[in-house]
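Secondary and tertiary structure notes
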Amino acid sequence: MSSVTVDRLYKKYGKVEAVKEVSFVVEEGEFTVLLGPSGCGKTTTLRCIAGLEIPNGGTIKFDDEDVTNLSPAARNIAFVFQLYALYPHLSVYDNIAFPLRAEKLAKEEVKKQTEEVLKLLQIEDVQNMKPRKLTSGQKQRVALGRAIVRRPRVFLLDEPLSNIDAKLREMTRAELKRLQKTIGATTLYVTHDQVEAMTMADKIVVMNFGDIQQIGTPYEVYHYPANLFVARFIGSPGMNFISGKIITELGKVLIELPGQLKAGLSVKQQDALSQSNQSRDVVLGVRPEDVKVFPQEETLYPAEVYVFEPLGVQNIVTLKIADTLIKATLPGDVFLQIGEKVSVSFREIRIFDKQSEKLIA
Amino acid sequence: MSNLSLINLTKKYGRVTAVSRLNLEVENRKVTVLLGPTAAGKTTTLRCIAGLEKPQAGDIFIDGERINDLPPKDRDVAFVFQNFSLYPRYTVFENIASPLRIRNISKDDIEKNVKRVAHMLHIDHLLERKPIFISGGEMQRVAIARALVRNPRVFLLDEPLTNLDAKIREETRTELKRLQNETGATFFYATPDQIDALSIGDRIVIINEGHVIQVGSPYEIYHQPANLFVADFVGSPAMNFLPAVFSENGMIDVGPNLMKIQLPIEKTQLCRQYLSAREIIIGIRPEDITLSQEKTATSFSAQVEVIEPLGMSQIIRLKMNSISIRVRSEGISELTVDSSIHFTMKEKKIHIFDKNSEKRIA
């Protein structure tokens, strides 16, 4: 397996810039996810790495080798579109041996390499079965087995789970993550689904409008989103946003919110904002699990229940605070009525600049 | 707004029975959700009520009036389709107003009503635009507004949020629920999505293969699923299911020979009374298992196989010999893949299913 280095990759179609000087690295053995909404340039980036598109600028390296102008076949990559596309009339063994036989390898060599893969993926005991007899997890192993038997340098996956139902997707996700680590495959995975990205990735590259918005671990992009776009895109239910202004009162930096409410900041956040202009326009971001709901109490923010949605494991309440709607997650055994008056406080908050939309504290 | 009831509703297409002797009630001013997988018979049921399909047997009543023989236009129901279509040459205002125009309502009243629903669905600023200039989520809100602008006896909603992307879907669902609450409309809402069902429903009717499987509040459906099908269908990540054997003293042997768990007395009694055989399936939701580094009297040990962070919580997959168990844990943990860990099941939260009938016993 190799590492992948993408350096100032640029691709346009006519006048449309699909990818604007994008740079990132996929380390050897790492699971990197390219995440973004449709049209953000993620698939174009992947196709450039696969050699299916020729970029207008920038370079792509596998380890130290520049592959930017190599044909797809010469790159030795495995491009997986759908994890379940197996040959139905062939046994598990023959499905995996297929690419080797296509390359006209000696019989002995085919046998040796196929058996290695069967063993690695723990599917030796089903090697004589046809795909329709297999469980979904086994099918997935076979599909991966067929891809790795050629010993590709990199795995490229383009929304491989998008066409399967929710239950199966959840199972497949975990299996795939486990397998990726077992075989130590350098993997670049494209998706628009933030849950897939969060659950599987070692590293997430968030893209929008052909640009990288943030590169980070799932923890970093969730807890320290670089800007409002990332904050909005990651997490469900999404982060709440309330417009405010920076003010200083009795030596403390605070955020003034609509309805004469004020939000306190951590010492670190106060330091970060202490040089800011007074009345600077900001956006306060708070995740639904960091909105704490209490019976009515004077020292906290007053709020009214706008909608209550029980989800079993947890309940989601939409609250109206000074004309802004925000969501809070509650334990599954706490129930509220529409119209009920409650009080609210915030645990962790993030502050974004209103103009640049960047995280500032 | 009114009460809708279906009695023994049966609809066949050739030899295929889409809906079989369906009995259900849609309560006045409430949201009743029809939840089931694809091809469960949801859409057929709604189409029979709207008069778009003619059932072979059964009765449909609205407010005590049998409507089977009424033409669709006289049934006074509104239908919101999954694949909504707007008039492309009309503005948003004209689209919403169209059901009122054909009913000879005064211009002032039309304007008042259109503005009222547009405001509730946050599309007031779009009224002068043509559909091609608004987003998919906005189009669906217009389609919903067009249904809501009238005051029909029942609203039939057929997967109204299915074609929307995740964020807009969440938002629209919240607005729809608020709107129903404000107007006191009667909703009959079909969806294959269990999250939609739990969050919007006052009552949920679960159907599969044309039959009603369970009727209950979201709480009942989630905490007291009638059988394995419901238990597996509702909840994400899904409930864990493990084979086990029940002993008269309330001890269950999971695996077998992997774990011995003592059931609470109430569950033991129910099992003694109602089990058809000693073979059972136990079900436990991922949030009802707790992890710890320390071994306790009731804990078991397993290997951490996969960790899936979701931000506010994470899903941990454990491996214990040949079985795999999903655990949901809040916050961030220090766990590492392949390390050993101890876990405990909350005994009160263990569901016992009869292996033969697949029904929930305790």
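Scope of this entry: the structure provided in the associated data block. (Residues numbered from 1 in each chain as written. Chains lettered and ligands numbered in written order. Predicted model: local features only at pLDDT ≥ 70, side-chain atom pairs only at ≥ 80, totals over all residues. Heavy atoms only, no water.)

1. Things to note about empty space enclosed by the protein
All names here are of chain A. Taken as a whole and judged by the stated rule, the model has 3 cavities of 30 Å³ or more. By volume, the largest cavity amounts to about 60 Å³. Around the largest cavity, the lining residues are Phe 31, Leu 144, Phe 155, Leu 157, Leu 176, Leu 179, Gln 180, Ile 183, Ala 185 and Thr 187. Where the lining of the largest cavity is concerned, the elements lending two or more residues are strand S7 (154–158) and helix H6 (166–183). At 4 residues, H6 tops the list of elements feeding residues into the lining of the largest cavity. (1 Å grid on protein atoms, 1.4 Å probe; cavity = no way out; pocket = protein on both sides within 12 Å on 5 of 7 lines; lining within 4 Å. Points joined across faces, edges and corners; volume = space filled by probe spheres on them. Helix = DSSP H or I, 4+ residues; strand = E, 2+ residues; numbered from the N terminus.)

2. Digging into H6(A)
In this model, H6(A) (18 residues) spans 26 Å end to end at C-alpha, consistent with the 26 Å of a helix rising 1.5 Å per residue. Among the residues of H6(A), those classed as buried are A:Glu170, A:Thr172, A:Arg173, A:Ala174, A:Leu176, A:Lys177, A:Leu179, A:Gln180 and A:Ile183. (Expected span 1.5 Å × (residues − 1). Buried < 20%, exposed > 50% of the residue type's maximum accessible area, 1.4 Å probe, protein only.)

3. Considering the pattern of salt bridges
A full pass over the atoms with the stated rule returns 41 salt bridges over all chains. Between A:Asp353 and A:Arg280 there is a salt bridge, with the nearest N and O atoms lying 2.8 Å from each other. Taken together, the positions of A:Asp353 in strand S20 (residues 350–353) and A:Arg280 in the loop between helix H10 (267–273) and strand S14 (281–286) put the pair 73 residues apart, joining distant regions of the chain. Across the salt bridge formed by B:Arg173 and B:Asp196, the nearest N and O atoms sit 3.1 Å from each other. Remark: B:Asp196 occurs in helix H6 (residues 194–200) and B:Arg173 occurs in helix H5 (residues 166–183); sequence separation between them is 23 residues. Like B:Arg173, the residue B:Asp196 is buried in the burial classification. (Salt bridge = Lys/Arg side-chain N within 4 Å of Asp/Glu carboxyl O.)

4. Quick look at the interface of chain B and chain A
Taken together, the contact pairs 39 residues of chain B with 37 residues of chain A. Taken together, both faces of the contact between chain B and chain A bury some 3000 Å²; the carbon and sulfur share is 55%. Linking chain B to chain A there are 3 salt bridges. Put simply, B:Asp338 and A:Arg178 hold a salt bridge, and the shortest N to O gap is 3.0 Å. One can count 19 residue pairs in polar contact (both at pLDDT 80 or more) joining chain B with chain A. Among the elements of the structure, H5, H6, helix H7 (218–223), helix H8 (228–233), strand S16 (300–309) and strand S17 (313–320) of chain B are those that each provide at least two residues to the side of chain B that touches chain A. Sort the elements by how many residues they give to the side of chain B that touches chain A and H5(B) lands first, with 8 residues. Residues belonging to the side of chain B that touches chain A are distributed by class as follows: 18 nonpolar, 8 polar and 13 charged. (Contact = heavy atoms within 4.5 Å. Buried area = accessible area lost by both parts, 1.4 Å probe. Polar contact = N/O pair within 3.5 Å; in protein donor to acceptor, adjacent residues only side chain to side chain. Nonpolar A, V, L, I, M, F, W, Y, C, P; charged D, E, K, R; others polar.)

5. Quick look at the sheet that holds strand S5 (residues 65–66) of chain A
All names here are of chain A. Ordered by their spatial adjacency, 4 strands build an open sheet running S2-S1-S4-S5, and the pairing between neighbours is antiparallel. Only two strands of the sheet have a single neighbouring strand rather than two, namely strand S2 (16–26) and S5. In this sheet, strand S4 (residues 57–62) lies alongside strand S1 (residues 4–13) in antiparallel orientation, the contact comprising 5 bridges. Its bridge partner being in S4, Thr 5 is matched across the sheet by Lys 61. Each of S1, S2 and S4 touches helix H1 (residues 42–50); the most contacted strand, S1, lies at about 115 degrees to it. (Pairing = 2+ DSSP bridges. Axes fitted to C-alpha atoms, helices over the stretch in contact; angles between N-to-C directions.)

6. With respect to the packing of aromatic side chains
All told, the structure shown has 13 aromatic pairs over all chains when counted by the stated rule. On the basis of an interplanar angle of 55 degrees and a centroid distance of 5.1 Å, the ring pair of A:Tyr301 and A:Phe346 is categorised as tilted. Here A:Tyr301, found in strand S16 (residues 301–310), pairs with A:Phe346, found in strand S19 (residues 341–346); they are 45 residues apart in sequence, far enough to count as distant. Ring pairs connect the aromatic residues A:Phe308, A:Phe335 and B:Tyr219, which therefore count as one cluster. Directly above the aromatic system of B:Tyr222 lies the positively charged group of B:Arg285, at a separation of 3.9 Å from the ring centroid. (Phe/Tyr/Trp six-rings, centres within 6.5 Å; stacked < 30°, edge-to-face > 60°. Lys NZ or Arg CZ within 6 Å of the ring centre and 35° of its normal.)

7. Regarding the environment of B:Met120
Residue and element names in this part refer to chain B. With respect to the secondary-structure elements, Met 120 resides in helix H3 (residues 107–120). The exposure class of Met 120 is buried, given its relative accessible area of 14%. Spatially, the C-alpha atom of Met 120 lies 37 Å from that of Met 239, the residues being 119 residues apart in sequence. Not counting residues up to four positions away in its chain, the partners in contact with Met 120 are Glu 175, Leu 179, Glu 182 and Thr 183.

8. Looking at the side chain of B:Glu308
Its location among the elements puts B:Glu308 in strand S16. In terms of polar contacts, B:Glu308 uses its side chain to reach the side chain of B:Arg317, at 3.0 Å. When near neighbours in sequence (up to four residues on either side) are disregarded, B:Glu308 contacts A:Glu170, A:Arg173, A:Ala174, A:Lys177, A:Thr199, B:Ser313, B:Gln314, B:Ile315 and B:Arg317.

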